[in-house]
Every structure is written in C-alpha cells, then in structure tokens.
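Chain residues, written in single-letter form:
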Amino acid sequence: MSMPTTPATLDRFITPAHQALWAATDDFATQEILPRVDRMESAPQRVNRSIARSLAGRGWFGVTVPEAFGGMQAGHVAKTILIHRLARVSGAAAAILQAGLIPVTALDYYGTEDQRTTLMPGVADGSVLMSIAVTEPDQGGHIGGMHSAAEWDGSAWVLTGIKAHVGNSHIANLHVVIARTAPPGTRTSKALTAFLVRANQRGVDVMRHTGKLGLRGFSFGQISFDRVRVLPENVLGEVGQGFDVAQSSSILCGRPNLSAVSLGLHETAVSLTGQYVSNRPRYNGKLADLSVIRERLGRMSARLITARILTYHAVDMLDRGLSCDAELIAAKSLGHDLASRTGNDAMELHAANGLDADYPLQRVWRDMQTTYAPAGTGEVQRRRLAENLLEEEAGTKARTPYSVLHSRPHAAPVTDQTVSI
Ligand SMILES: Cc1cc2nc3c(=O)[nH]c(=O)nc-3n(C[C@H](O)[C@H](O)[C@H](O)COP(=O)(O)OP(=O)(O)OC[C@H]3O[C@@H](n4cnc5c(N)ncnc54)[C@H](O)[C@@H]3O)c2cc1C
C-alpha cells in the first residue's frame, strides 16, 4: 500500500485511521477502477455492475453501518474520503458508492430493530444494495408534487408510480420508495410514506437505460411501480413520515456525498491542468511561465483549497454531532460552483487539446455537470442558506445539534417542501 498523501489543509479532520483509508482508496482506485474507465466511457448505454461488486467486496457500502451489524461504523469523514478519492479517478465509481450510501442512512435512522437486523448485515457485506427513489419525471425537487401513491387494501399497501433519475436504478436490489399515502389536501409533511421494495418484486420494472452526458457506467434512470404490494413490515418509519425520511437522507447524506464527488473531480481538473501548462512549450519556455496563465492557475488553486476545507469541515461537524445545516449546504452548493468554474478554466487552458475524447479532462468536465441537480439544485440551496441567515439575524434560528435531531427514532426537522436526493 502506498504512503498516505493527505493534504496538510485537512490535518485537523484526518486521523491515522482516515489516512490509512485514504491510501487504501487511492490504491483501489488506481488498480481496480482506472482500468475500467475507458470501457465505461466508450459505452454510454451500458450499466456497470462490476464496480459495485468490487466496492461491496471491500465492505465500503457498510462504511456508516454500525459495527454490531458487521459494518465499519467509520463516520462521515471516512465516507467522504472514499467518495472523494474514487471521484478523482472516476466520477461514475464515486456516484455508484455515494448513491448506495444515502438510503443506508435512512434505514439506520428510521428502520425498526427487525428491519435493521435483517437488512444491515447484507448492506455491510454487499449483498443488499439500496437505492432511494424520490424524484419523478414531472416533480423534480418539489416533493409535494409527486404522483406516486400507495393505497391500503386491508392487508398491504399497493404502490403505483414512476420514479426518475434514481441513483443505481439498474443495479440496486432494494429500493426505498417515497409515495403519497394521504388524501389530497394533506400537508406534504404528513402525506408521504417510505416503503422498502425489493427490485425483484412483481410490478417493479426498470426502464431501458439511456446514455447521459456524464457519469457513464452509473445508472440513474427510471423505475416504474405497477400495483406493487408492500406489507406493513416493509414501511420504513411511520406511515406519514416519508417526507422526513427523504429530507434527512438528503441533508445528512446527499449533500456531503455530492460535495465529495465534486471535490474529486475538481482535484483532477487542477492536477491535469498543472501538468499540461508545465509541459506545453511556448516561446522559449512553457505555458506555465506566462503570468496570465499563473494568475488563472492561482485562482484554480484557491478554489480547490476552499472546496477541500468546506467539504471536510462540514462532515467533521456532522461526525461531531454539531448543527451544520448551513455548512452542508454551502459545501454542496459552492463545491459544485467552484469545481465548475475550475473545470471551465481547465478546458480553456487546454484549448483544442482538452476536447480529445481519449483525454480525461473532457470526461471530468462532463461529470462535473452532474453534481448540480442532485441533493438540492443551486437555487434551492441558496434559498435555504438565505433563510438560515435571515433567521440568525432575527435571532430566531435554533442551531440544534444533529446528534439530537437525528438520533433514532427521532424524526428529522421539517422545514420546507423542497427535497432533492
Ligand atoms: C447524478 C444524479 C443522481 C441522482 N440521484 C437521485 C436519487 O438517487 N434518487 C432520486 O430520487 N433522485 C435523484 N436524482 C434527481 C435529483 O434529485 C433531481 O434532479 C433534483 O431533485 C432536481 O430535480 P429536477 O432535475 O427535475 O429539476 P427541477 O426541480 O425541475 O428544477 C429545474 C430548475 O428550476 C429551479 N427551481 C426548482 N424549484 C425552484 C424554486 N422553488 N425556486 C427557484 N428555482 C427553482 C432549479 O434550481 C433548476 O434550475 C439524481 C440526479 C442526478 C443528476
């Protein structure tokens, strides 16, 4: 195993165990993921299944699963290391891991003892791969607009609807599906319920996978549910608590996971550009000798340092049980913005040579476009940040620690109706 190379910027967040995980992830990414990248890129319609198996073999879908169930119980900083370091080599591999981890948090917080005892060991050993299905073709981030619904028939819930852009749609074998269970007019915060649905249940179908701009190999497609029967023991949380399940998954897991994906892509864009301008001849020296190029590189470096601090600072707060809603939002939202600006600079500094299909920068740039929508689009996140700020200014903001808000079986706070996984 290679020596850990964690940047000094992150020293206050990184323990020796984290350093070992960092090095192990880098080795894994180089040896197991890198050789698969070209094949995934050349076949946008294909769903990669083997990466999830390799990640499962390492036990990394169990990074946040309690040790009592065979998991690593390693926390959010450790989870971030895994996603971030994978994303440096492949945004798709990082996406496969991050999407599989979001519903694990929901199961851990809202699952009954029976559900956790039955399912968590499978998550830890990789035999249970979960997805969370909230978004619908017409509804987007407005969860209150969802059409999927489940009706009680006297012995089971009967679930019908279509979910869209579901991370790991084609490879997950257990879906957490959010659907409407209350009559029209009921407040969204009470109208939805989360269901555990097996991918092989009658009435569950994944739609044909279509290629996307980025994250090739990762499936984030549509799943249809046609009169799927769900027994009461497979309701996750209470009936009527589906909004809380979706929202807390997005807050606790979606945002930091997406920050980590952005960070890995950001690092690779900076690194490729540094190498390129250092080697590209210009006049009697190299491109990197020109002050105008250095000025741009300096800005890229400043953005990367900022994104690193934002990402790890927020998850460190989460691990310590501190109130960090605003920090998680800022890390996700700014993480994407900063990476995108760097991605554009990187493309421009490579000029025509950045466009070659077999040069990694264009893949990284395309993958960067995929981190805007999930876990809260920019507009939605900025609105939340503004609300936080105004409440703080008015002295009405209660900064409640996450350890209290999210310790089982306590529900997540319900603050608005816009949720994005
Ligand atoms: C890579 C990837 C993985 C994903 N994984 C999952 C998953 O695992 N499970 C899942 O359920 N979904 C997943 N999604 C879907 C994701 O959650 C949605 O894309 C997100 O909720 C936004 O919905 P939308 O794309 O339909 O955009 P919309 O919500 O329709 O938004 C369109 C535009 O309108 C703006 N807008 C929307 N509402 C407002 C408002 N109130 N005020 C101002 N502007 C607004 C948005 O910012 C955006 O610019 C994933 C998406 C991607 C790209």
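Residues numbered from 1 in each chain as written. Predicted model: local features only at pLDDT ≥ 70, side-chain atom pairs only at ≥ 80, totals over all residues. Heavy atoms only, no water.

Regarding the packing of aromatic side chains
Link 1 in the chain: Applying the stated criterion across every chain yields a total of five aromatic pairs.
Link 2 in the chain: Centre to centre, the rings of Phe-218 and Phe-220 are 5.3 Å apart; their planes meet at 25 degrees, and the pair counts as stacked. An identical accessibility class is assigned to Phe-218 and Phe-220; each is buried.
Link 3 in the chain: A connected cluster of aromatic rings, assembled from ring pairs, spans Trp-152, Trp-157 and Phe-195. (Phe/Tyr/Trp six-rings, centres within 6.5 Å; stacked < 30°, edge-to-face > 60°. Buried < 20%, exposed > 50% of the residue type's maximum accessible area, 1.4 Å probe, protein only.)

Details of the packing of helix 4 (residues 91-110) against helix 5 (residues 113-125)
The description of two helices packed together rests on the angle between their axes and the distance between the axes.
Link 1 in the chain: Relative orientation of the contacting elements helix 4 and helix 5 amounts to 150 degrees, with a least axis distance of 10 Å. With respect to helix 5, the axis of helix 4 lies roughly antiparallel. By crossing handedness, the relation of helix 4 to helix 5 is classed as left-handed. Here Val-104, Leu-107, Asp-108 and Tyr-110 of helix 4 come into contact with helix 5, specifically with Gln-115, Arg-116, Leu-119, Met-120 and Val-123.
Link 2 in the chain: Tallied by class, residues from the contact of helix 4 with helix 5 come to six nonpolar, one polar and two charged. (Axes fitted to C-alpha atoms, helices over the stretch in contact; angles between N-to-C directions. Helix = DSSP H or I, 4+ residues; strand = E, 2+ residues; numbered from the N terminus. Parallel < 35°, antiparallel > 145°, perpendicular 65-115°, else oblique. Left-handed = near helix turned anticlockwise from the far one by under 90°. Contact = heavy atoms within 4.5 Å. Nonpolar A, V, L, I, M, F, W, Y, C, P; charged D, E, K, R; others polar.)

Section: the UniProt feature "domain: Acyl-CoA dehydrogenase/oxidase C-terminal" (unreviewed entry) in the chain
Link 1 in the chain: Under the UniProt annotation, the feature "domain: Acyl-CoA dehydrogenase/oxidase C-terminal" (unreviewed entry) is placed at residues 240-390.
Link 2 in the chain: Secondary structure over residues 240-390 splits into 76% helix and 3% strand, and the C-alpha atoms at its two ends are 30 Å apart. (UniProt positions renumbered as here; feature names shortened; annotations may be inferred.)

Overview of the packing of helix 3 (residues 75-89) against helix 8 (residues 291-319)
Link 1 in the chain: Across the interface, helix 3 lies against helix 8 with an axial gap of 7 Å and an inter-helix angle of 145 degrees. Contact residues: helix 3 offers Gly-75, His-76, Val-77, Thr-80, Ile-81 and His-84, while helix 8 offers Thr-311, Tyr-312, Val-315, Asp-316, Leu-318 and Asp-319.
Link 2 in the chain: Among the residues forming the contact of helix 3 with helix 8, the class breakdown is five nonpolar, five polar and two charged.

Side note on the pairing of strand 2 (residues 149-152)
For a regular strand, the rule is simple: side chains alternate between the two faces of the sheet.
Link 1 in the chain: Two elements, strand 2 and strand 3 (residues 157-167), share four bridges in a ladder whose sense is antiparallel. Its bridge partner being in strand 3, Glu-151 is matched across the sheet by Val-158.
Link 2 in the chain: Between strand 2 and strand 3, which pair antiparallel one after the other, the connecting turn spans four residues, and Gly-154 there sits at a positive phi close to 105 degrees. (Pairing = 2+ DSSP bridges.)

Overview of the nonpolar core
Link 1 in the chain: One finds Leu-55, Leu-97, Met-130, Ile-178, Leu-236 and Tyr-312 to be the most contacted residues of the largest nonpolar core, which totals 106 residues.
Link 2 in the chain: Listed in part, the 15 residues of the second largest apolar core include Ala-179, Phe-195, Val-197 and Val-235. (Core = buried A, V, L, I, M, F, W, Y, C linked by side-chain atoms within 4.5 Å.)

Let's talk about the environment of Ser-50
Link 1 in the chain: Within the element layout of this structure, Ser-50 appears in helix 2 (residues 50-58).
Link 2 in the chain: Sequence separation between Ser-50 and Gly-254 is 204 residues, and the spatial gap between their C-alpha atoms is 23 Å.
Link 3 in the chain: A polar side-chain atom of Ser-50 sits 3.4 Å from a polar atom in the side chain of Arg-36. (Polar contact = N/O pair within 3.5 Å; in protein donor to acceptor, adjacent residues only side chain to side chain.)

A short note on the domain arrangement of the chain
Link 1 in the chain: Domain boundaries assigned for the chain yield domain 1 (8-129), domain 2 (131-240) and domain 3 (244-405).
Link 2 in the chain: Distance from the C-alpha centre of domain 1 to the C-alpha centre of domain 3: 20 Å.
Link 3 in the chain: Both sides of the domain 1 and domain 3 interface together cover about 2500 Å² of buried area, and 64% of this is carbon and sulfur.
Link 4 in the chain: In this structure, the connection of domain 1 to domain 3 is made through three salt bridges.
Link 5 in the chain: Between Glu-267 and Arg-85 there is a salt bridge, and its shortest N-O distance comes to 3.0 Å.
Link 6 in the chain: Among the elements of the structure, helix 1 (16-42), helix 3 and helix 4 are those that each provide at least two residues to the side of domain 1 that touches domain 3. (Domains from an automatic or database assignment. Buried area = accessible area lost by both parts, 1.4 Å probe. Salt bridge = Lys/Arg side-chain N within 4 Å of Asp/Glu carboxyl O.)

Details of the pattern of salt bridges
Link 1 in the chain: Scanning the entire structure with this criterion turns up 19 salt bridges.
Link 2 in the chain: The salt bridge partner of Arg-320 is Asp-316, with a shortest N-O separation of 2.9 Å.
Link 3 in the chain: When salt bridges with common partners are traced through the structure, they connect Asp-26, Arg-85, Arg-88, Glu-267 and Arg-308 into a single cluster.

Structural notes on unusual backbone geometry
Negative phi characterises most residues that are not glycine, and trans characterises most peptide bonds.
Link 1 in the chain: In the Ramachandran plot, His-165 falls in the positive-phi region, its phi being about 55 degrees despite a non-glycine side chain.
Link 2 in the chain: Among the secondary structure elements, His-165 is positioned in strand 3.
Link 3 in the chain: If you check the backbone angles, Arg-227 has positive phi at about 50 degrees while not being a glycine.
Link 4 in the chain: Relative to the helices and strands, Arg-227 is located in strand 7 (residues 220-230).

Observations regarding the site of the ligand
Link 1 in the chain: The local shell around the ligand holds 19 residues, among which Ile-132, Thr-135, Gly-141, Thr-377 and Glu-379 are the closest.
Link 2 in the chain: Within the contact set of the ligand, an oxygen atom lies 2.8 Å away from a backbone nitrogen or oxygen of Gly-141.
Link 3 in the chain: Separating a nitrogen atom of the ligand from a side-chain N or O atom of Arg-383 is a distance of 3.2 Å.
Link 4 in the chain: Here the ligand loses 69% of its free accessible area of 970 Å² to cover by the protein chains.
Link 5 in the chain: Put simply, the parts of the chain that give the shell around the ligand at least two residues each are strand 1 (130-133), strand 3 and helix 11 (378-394).
Link 6 in the chain: Per-element accounting of the shell around the ligand gives the leading share, three residues, to strand 3.
Link 7 in the chain: Across the shell around the ligand, the residue classes break down as nine nonpolar, eight polar and two charged. (Near = heavy atom within 4 Å. Areas by Shrake-Rupley, 256 points an atom, 1.4 Å probe, with all protein chains shown as cover.)

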